[in-house]
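Descriptive analysis of the structure
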Amino acid sequence: MKFVKYLLTAITAIVFISACQKELNFEIDGLAHGSLKFDVTGDCLPSTVNGIYKADSLLDINNFVDIQVDLVSTGTYDIISDTLNGYSFRGTGTLGIAGINTVRLYATGKPVLSQTDVFTIRFDTSVCFVNVTVIGAGTGIAVYTLEAIGGICTSNVNGIYTQGTALDVTNTVSLTVNIIAAGLYTFGTTSPVNGMTFIAAGVFTTLGQQTVTLNGAGIPTTAGLTPIPVTNLSSNCSFDIDVFPSGTGGPAVYTLNATAGACSGASYSGTFTAGTVLTITEAVLISADSSNCSIY
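A quick note: this is a predicted structure, and the numbers were derived from the prediction, not measured.

1. Some remarks on the overall build of the protein chain
Scanning the protein chain for helices and strands turns up one helix and 23 strands. A total of 296 residues make up the protein chain; the buried ones form 36% of that total. A separation of at least 24 residues holds for 65% of the contacts in the protein chain among residues at least 6 apart in sequence. Counting every atom, the protein chain has about 15800 Å² of accessible surface; 58% of that belongs to carbon and sulfur.

If you want it as structure tokens, here you go:
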């Protein structure tokens, strides 16, 4: 399977190089054009797989993958996968911003066998691969805890949150969990908070600390800092979502203060240890004023 992935990646690269030798002159056909993001093995970057894929169980709206495309021209898109083991993925819509875009592909069908399926995703002339694990019908529930300090989740909030604006595929929260026993998991908010929900579902196959992505949905109703509680059967914690007022245009625009490329006035807190997961106590503080600086 790896050989096939390398071969398809090489073919895609040859086609792309050949295309680059011609003048870039896309017709105004209303279609989005660009390429999928992938690593050296051809795996989609990033490829976030959500939902539980169980043999002989019909898939629903909680079963999807998020991928990224580097958009050259805007327009409508139809990104599809092949059909394997009784199911497939597809995403349609409109991309209106050139550059990197995150696209959600929803699954349809019913997995037949318990196995790992390697899907080929196609967009324009590019391809990449997504690995999806289908579990057996009798797989049990995982045992795990949410990592937190003082009730605050070890988390990373992604995306912009604006009052009155619906959340999209960029609105996610990454949480650290500690897996005690492998199996199925589903956790997140038990009900909407300030119009928002955050849910994750999938399968833990290995033990120890891992990062889980909660996918946001809904429309924030009130501006300001909103604590979002999450829970599983044995633990709970919360993280904060900063909702911008309607019409403010999102976060502030600023530059970094630097001297010869090094951030000026940088200070550190916490202990940074190789091989140890960082927590909210580890931080770097810098001053804002000029752009393109580095921290040493």
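Anyway, onward from the coordinates.
2. Looking at the pairing of strand β16 (residues 196–204)
Looking at chain direction, strand β15 (residues 183–188) and β16 are connected through six bridges and run antiparallel. When the sheet's bridge partners are listed, Gly-183 is paired in β16 with Phe-204. Pairing geometry for β16 and strand β17 (residues 208–218), over four bridges, is antiparallel. Looking across to β17, one finds that Phe-198 is bridged to Gly-216. What sits between the antiparallel neighbours β16 and β17 is a turn of three residues.

3. Points about the pattern of salt bridges
Applying the stated criterion to the full structure yields two salt bridges. We note a salt bridge from Asp-66 to Arg-104, for which the minimum N-O separation is 2.8 Å. Of this pair, Asp-66 sits in strand β3 (residues 64–73) while Arg-104 sits in strand β6 (residues 99–109); the two residues are 38 residues apart in sequence, bridging distant segments of the chain.

4. Focus: the environment of Val-143
Topologically, Val-143 is positioned in strand β9 (residues 143–146). Distance in space between the C-alpha atoms of Val-143 and Asn-178 is 8.8 Å, their sequence separation being 35 residues. Beyond its immediate sequence surroundings of up to four residues, Val-143 is in contact with Asn-178, Ile-179, Ile-180 and Ala-181.

5. Quick notes on the state of the cysteines
Here, the word disulfide means a covalent bond between the sulfur atoms of two cysteines. Enumeration over the complete set of coordinates arrives at two disulfides. Linked covalently through their sulfurs, Cys-44 and Cys-128 form a disulfide whose S-S length is 1.9 Å. Where Cys-44 bonds to Cys-128 through sulfur, the torsion about that S-S bond is close to 90°, and the disulfide is right-handed. One end of the pair, Cys-44, is in the loop between β1 (33–36) and β2 (48–50); the other, Cys-128, is in strand β8 (residues 126–133), and 84 residues separate them in sequence. Here Cys-44 matches Cys-128 in class, with each residue buried. A sulfur-sulfur separation of 2.0 Å characterises the disulfide bridge that pairs Cys-153 with Cys-237. Here Cys-153 and Cys-237 share a disulfide; its torsion about the S-S bond, 100°, makes the bridge right-handed. Taken together, the residues span a long stretch of sequence, with Cys-153 in strand β11 (residues 152–153) and Cys-237 in strand β19 (residues 236–244) at a distance of 84 residues. Residue class for Cys-237 comes out buried when judged on its relative accessible area of 5%.

About the criteria used
- Residues numbered from 1 in each chain as written.
- Predicted model: local features only at pLDDT ≥ 70, side-chain atom pairs only at ≥ 80, totals over all residues.
- Heavy atoms only, no water.
- Helix = DSSP H or I, 4+ residues; strand = E, 2+ residues; numbered from the N terminus.
- Buried < 20%, exposed > 50% of the residue type's maximum accessible area, 1.4 Å probe, protein only.
- Contact = heavy atoms within 4.5 Å.
- Areas by Shrake-Rupley, 256 points an atom, 1.4 Å probe, with all protein chains shown as cover.
- Pairing = 2+ DSSP bridges.
- Salt bridge = Lys/Arg side-chain N within 4 Å of Asp/Glu carboxyl O.
- Disulfide = S-S within 2.5 Å.

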